[in-house]
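# Descriptive structure summary
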Amino acid sequence: MAATPVSHIPAAPAGLTRRAKKFVEVEGLFVPQQSIELLREAWIEHGIPAAEIDRAVAFDDRWGGLALPPAPFYESGPRILGADIPEGSAAEGWWIPAGDGRVSMAYGFLIGPGGEFGIHGSCWAPLHASTEGWVESLALADHARRWAKTITRITGKSVDSLDLEGYEPVPEVLGLTDTWWRGKDSL
């Protein structure tokens, strides 16, 4: 009996905005991967709690195998989204690798204990409140790249002098990065 062919055109997960759904379905690619469920018993033998394995499986079921165009930030982002063995402890919390980076770098992409999407090098830095937030930011950056007449990138002290009075945050990407430089614990 012949195997059913797998479509390489991804279906966008539920809960994304229209812009992000279109971005995923037009710009994304689905790369079939082996189910991490097959690793459950080995991970349990290595002390990984079943609840964390369930979380990794749920992430993989939702995002696993999705390849998106390079992000214009974070060294291009994960090459293909996919969970790997959870790392951490009951005391510190558990992180799930979110997929290998596109380039060699000193940090990796992780899903945090509360579902945050972020990076970890010498320390954990949550970037978005969720993987959805990261995908939404990619879709918004792609939209701006295609349609904006002018894009100005500012860094450093120029960010502090921005007058954002009258501007509203883009609802699709509200999350941790939106508060980094304005919050009391600014980076």
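Position numbers for residues count from 1 along each chain, tracking the sequence in the order it is written. Totals for whole chains, interfaces and linings use all residues, but because this is a predicted model, local features are given only for residues with pLDDT of at least 70 and pairs of side-chain atoms are given and counted only at 80 or more. To obtain the side-chain values, all non-hydrogen atoms of the structure were used and water was disregarded.

### Things to note about the environment of G28
Along the chain, the position of G28 falls in the loop between α1 (18-27) and β1 (29-30). Residue class for G28 comes out buried when judged on its relative accessible area of 12%. Each C-alpha atom of the pair G28 and I9 lies 7.1 Å from the other, and the pair is 19 residues apart in sequence. Here, two residues are considered to be in contact whenever any of their heavy atoms come within 4.5 Å of each other. Ignoring sequence-local partners within four residues, the contact set of G28 consists of P10, F23, L66, A67 and L68. Strands here are runs of E lasting at least two residues and helices are runs of H or I lasting at least four, both read from the DSSP assignment and numbered beginning at the N terminus. Classification of residues uses two cut-offs on accessible area relative to the type maximum, computed with a 1.4 Å probe and protein chains only: under 20% is buried, over 50% is exposed, and between them is partly exposed.

### Here we look at α1
Taken as a whole, α1 has its buried residues at A20, F23 and V24. Each buried residue of α1 lies within a common arc of 95° when the element is viewed along its axis, so the set occupies one face. In α1, the exposed positions angled more than 90 degrees off the buried face are occupied by R18, K22 and V26. Read the arc as the range of directions from the helix axis to the C-beta atoms.

### Things to note about the packing of helix α3 (residues 50-63) against helix α4 (residues 131-147)
Only the contacting stretch of a helix is used when fitting its axis, a line to C-alpha atoms as for every element, and angles between N-to-C directions run 0 to 180 degrees. Running from N to C, α3 and α4 cross one another at 25°; their axes reach a closest spacing of 12 Å. The angle between the axes of α3 and α4 places the two elements in the roughly parallel class. α4 is crossed by α3, and the crossing has right-handed handedness. Of α4, the residues touching α3 (which contributes F59, R62 and W63) are T131, E132 and V135. Only Asp, Glu, Lys and Arg are considered charged in this grouping, and only Ala, Val, Leu, Ile, Met, Phe, Trp, Tyr, Cys and Pro are considered nonpolar; every other residue, Gly among them, is considered polar. For the contact of α3 with α4, a count of residues per class yields three nonpolar, one polar and two charged. Should an angle lie under 35 degrees it is considered roughly parallel, over 145 roughly antiparallel, and from 65 to 115 roughly perpendicular; all remaining angles are considered oblique. Crossings are assigned a handedness: left-handed for a near helix turned anticlockwise from the far helix by less than a right angle, right-handed for a clockwise turn.

### So, α4
The span expected for a helix works out to 1.5 Å for each residue beyond the first. For α4, spanning 17 residues, the distance from its first C-alpha to its last is 24 Å, which sits close to the expected 24 Å at 1.5 Å a residue. Close packing links the buried residues of α4 with α1, α3, β5 (108-111), β6 (117-120) and β7 (124-128).

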